[in-house]
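Structural characterization, general
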Amino acid sequence: MIIDFKKYADGLVPAIVQDAVTYKVLMLGFMNEAALEVTKNTKHVTFFSRSKQRLWTKGEQSGHFLNLVSIAVDCDKDSLLIKAHPIGPTCHTGADTCWNETNEQKDFLLYLEQIIEQRSKVSPDESYTAKMLGKGINKVAQKVGEEAVELVIEAKDDNKELFLGEAADLMFHYLLLLKAKGYKLQEVLEVLQKRHKK
């Protein structure tokens, strides 16, 4: 990744931050070489604050960090596109974005996948997700099988609430199995899209 920090007199390049899931633009900041290195090393998006004249990690006081997902350089090599997972609102005003736009997940399954990713990193004592993943692939796969059987059993009856509840259980554990295997829901969707085109 080559960035022309010398293009501007102050050695700063614009850094646009975009939600990695919703693709909503969250904010615009500026980075110098040091801010970029801190961002890469800590995985928390860090800028050079022109008002404070120092490095500034978004969320260092509020706890509303921007967890780094990826960094891209534009065609002129003088600006950055940062994709991140926001923890809480991004703007200092409390708004989701610095343009006061609502940052909503349009596809709840992709949002749920993100939550599973986050909860997989906490203690198994605090999270069912982490506890299940900690049991290994065989236990997760077995749980998916159990939920599938329960859904089939409920399909034979006429209780909508129980049927939908089992369908939700199966969907959640299916996402858990994808996580355990190291795959993303988007990869499954791409297979379906290819089949649809045939």
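Every chain begins its residue count from 1, and numbering advances along the sequence as written. In keeping with the model being predicted, local features are shown solely for residues with a pLDDT of at least 70 and side-chain atom pairs are shown and tallied solely at 80 or more, while totals for entire chains, interfaces and linings include all residues. Note: side-chain values were computed over all heavy atoms of the structure, leaving out hydrogens and water.

**Here we look at the packing of helix H4 (residues 137-155) against helix H5 (residues 160-181)**
A fitted line through C-alpha atoms represents every axis, and for helices the fit uses only the stretch in contact; the resulting angles, taken between N-to-C directions, go from 0 to 180 degrees. Comment: elements are numbered from the N terminus, with helices defined as DSSP H or I runs of at least four residues and strands as E runs of at least two. Between H4 and H5, whose axes approach to 9 Å, the crossing angle comes to 160°. Between H4 and H5, the crossing angle belongs to the class labelled roughly antiparallel. Helix-helix and strand crossings are classified by hand; for H4 and H5 the assignment is left-handed. Contact residues: Ile137, Val140, Ala141, Lys143, Val144, Glu147, Ala148, Glu150, Leu151, Glu154 and Ala155 in H4; Leu162, Phe163, Glu166, Ala167, Asp169, Leu170, His173, Tyr174, Leu176, Leu177, Ala180 and Lys181 in H5. For this classification, Asp, Glu, Lys and Arg are treated as charged, while Ala, Val, Leu, Ile, Met, Phe, Trp, Tyr, Cys and Pro are nonpolar and the rest, including Gly, are polar. Looking at side-chain class alone, the contact of H4 with H5 contains 15 nonpolar, 1 polar and 7 charged residues. We call two directions roughly parallel when the angle between them is under 35 degrees, roughly antiparallel when it is over 145, roughly perpendicular when it lies between 65 and 115, and oblique otherwise. Each helix crossing is assigned a hand: it is left-handed if the near helix lies turned anticlockwise from the far helix by less than a right angle, otherwise right-handed if that turn is clockwise. By the convention used here, residues are in contact when the closest approach between their heavy atoms is within 4.5 Å.

**So, the nonpolar core**
Core analysis: the biggest nonpolar cluster contains 18 residues, and Val17, Met31, Val45, Leu80 and Ile82 have the highest contact counts within it. Only strand E1 (13-19), strand E2 (25-31), helix H1 (33-42), strand E5 (66-73) and strand E6 (80-86) provide two or more residues apiece to this core. Not counting residues up to four positions away in its chain, the partners in contact with Ile82 are Ala15, Ile16, Val17, Gln18, Met31, Val45, Leu68, Ser70 and Ile71. What we call a nonpolar core is a set of buried Ala, Val, Leu, Ile, Met, Phe, Trp, Tyr and Cys residues that are connected through their side-chain atoms within 4.5 Å. Residue burial is assigned from relative accessible area. The probe radius is 1.4 Å, only protein chains are included, and a residue is buried under 20% of its type maximum, exposed over 50%, and partly exposed in between.

**Description of the environment of Phe5**
Mapped onto the fold, Phe5 is located in the segment before E1. On the basis of relative accessible area, Phe5 is assigned to the buried category, the value being 10%. Spatially, the C-alpha atom of Phe5 lies 29 Å from that of Asp96, the residues being 91 residues apart in sequence.

**Concerning the packing of aromatic side chains**
Centre distance and the angle of the planes are the two values used to describe a pair of aromatic rings. Aromatic rings from Phe, Tyr and Trp, with only the six-membered ring used for Trp, were paired whenever their centres fell within 6.5 Å, and each pair was classed as stacked if the ring planes differed by under 30 degrees, edge-to-face if by over 60, and tilted otherwise. Scanning all chains against the criterion turns up 3 aromatic pairs. Relative to Tyr111, the ring of Phe108 has its centre 5.7 Å away and its plane inclined at 45°; by these criteria the two rings are tilted. In this pair, Phe108 and Tyr111 both sit in helix H2 (residues 108-119), 3 residues apart, roughly one turn of the helix. Take Tyr111: its relative accessible area is 34%, and that puts it in the partly exposed class.

**Digging into the sheet that holds E5**
Only when DSSP finds a minimum of two bridges between them are two strands counted as paired. Across the sheet, which stays open at both edges, the 4 strands sit in the order E2-E1-E6-E5 with mixed pairing between neighbours. The open sheet has two free edges, formed respectively by E2 and E5, since each of these has just one partner strand. For this sheet the average axis-to-axis angle between neighbouring strands, irrespective of direction, equals 25°. Pairing between E1 and E2: 6 bridges, direction antiparallel. Bridging across to E2, Ala15 finds its partner in Gly29. Of the strands in this sheet, E2, E5 and E6 are in contact with H1, which crosses E5 at around 125°.

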